[in-house]
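Structural overview for review
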Amino acid sequence: MKLIGSKTEQEIREQLIKSNQLLFNSEEKKRLLEVIRYEYPELKAAYIIHWIPEQGEDIYKILINDSLIAEIELERHNYEVKPKAKTLTVPQYLKGLSKQNQIKLAVALDLVKQELKDVN
């Protein structure tokens, strides 16, 4: 999907940047970041593209670098329950994705590419 610089894209970009900062800098997302680093040691960049707060757990979909989508399920109250992690490729994740979520993924991919370019 080609980005056009729309207002929607700008809003999504701002949300993704904030969630990225929370992921890497907040105490509340520390456990999630530990799981991501454990499951994906090649981690260079990550953006939370979807979050579902369930009754007892949180389910996250996270873009890892520029090619993987991690689906991570974290128990909210019982830290002894092992987190569940599943990996999809970006093309697998795109199948059946709504237009809004396609835009979100495209913006996240753009942010990751910029971040990876800045690192190299």
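Residues numbered from 1 in each chain as written. Predicted model: local features only at pLDDT ≥ 70, side-chain atom pairs only at ≥ 80, totals over all residues. Heavy atoms only, no water.

Notes on the nonpolar core
Here is a general trend for soluble globular proteins: nonpolar side chains tend to be buried in one another's company. The biggest cluster of nonpolar side chains holds 19 residues, and the ones touching the most others in it are Leu16, Ile49, Leu63, Ile69, Tyr93 and Leu105. Elements with a contribution of two residues or more to this core: α1 (7-25), β1 (46-53), α3 (90-94) and α4 (99-119). Tallying contributions element by element places α4 first for this core, with eight residues. Apart from the residues within four sequence positions on either side, isoleucine 69 is in contact with Ile49, Lys61, Ile62, Leu63, Lys86, Thr87, Leu88, Thr89, Val90, Tyr93 and Leu105. Judged by nonpolar contacts, the second largest core, of 15 residues, contains Leu32, Ile36, Ala46 and Ile64. (Core = buried A, V, L, I, M, F, W, Y, C linked by side-chain atoms within 4.5 Å. Buried < 20%, exposed > 50% of the residue type's maximum accessible area, 1.4 Å probe, protein only. Helix = DSSP H or I, 4+ residues; strand = E, 2+ residues; numbered from the N terminus. Contact = heavy atoms within 4.5 Å.)

A short note on the pattern of salt bridges
Tallied over the full model, the rule gives six salt bridges. Among the salt bridges present, the one from glutamate 11 reaches lysine 7, with a minimum N-O distance of 2.7 Å. With glutamate 11 and lysine 7 both in helix α1 and four residues apart, the pair spans about one turn of that helix. With relative accessibility at 39%, the residue glutamate 11 sits in the partly exposed group. A salt bridge links lysine 84 to glutamate 73; the nearest nitrogen and oxygen atoms lie 3.6 Å apart. (Salt bridge = Lys/Arg side-chain N within 4 Å of Asp/Glu carboxyl O.)

A word on the pairing of strand β3 (residues 68-75)
Inspection of the sheet shows strand β2 (residues 57-64) paired to β3 by eight bridges, in the antiparallel sense. Residue pairing across strands places aspartate 58 opposite leucine 74, the latter belonging to β3. A loop of three residues connects β2 with β3, the two strands running antiparallel in sequence, and asparagine 65 in this loop sits at a positive phi of about 50°. Alignment of β3 against strand β4 (residues 84-89), held across six bridges, turns out to be antiparallel. In the strand pairing of β4, leucine 68 is matched with threonine 89. (Pairing = 2+ DSSP bridges.)

Concerning the packing of aromatic side chains
Counting across every chain of the model gives one aromatic pair. Residue placement shows arginine 31 over the ring face of tyrosine 79; its charged tip is 4.1 Å from the ring centre. (Phe/Tyr/Trp six-rings, centres within 6.5 Å; stacked < 30°, edge-to-face > 60°. Lys NZ or Arg CZ within 6 Å of the ring centre and 35° of its normal.)

Comments concerning helix α2 (residues 30-39)
Of all the residues in α2, the buried ones are Arg31, Leu32, Leu33, Val35 and Ile36. Where α2 is buried, its residues touch α1, β1, β2 and β3.

Examining the side chain of glutamate 57
Along the polypeptide, glutamate 57 turns up in strand β2. Within the buried core, glutamate 57 has no salt-bridge partner, and the shortest N-O distance to an opposite charge, that of lysine 84, equals 7.1 Å. (Lys, Arg positive; Asp, Glu negative; His and termini not counted.)

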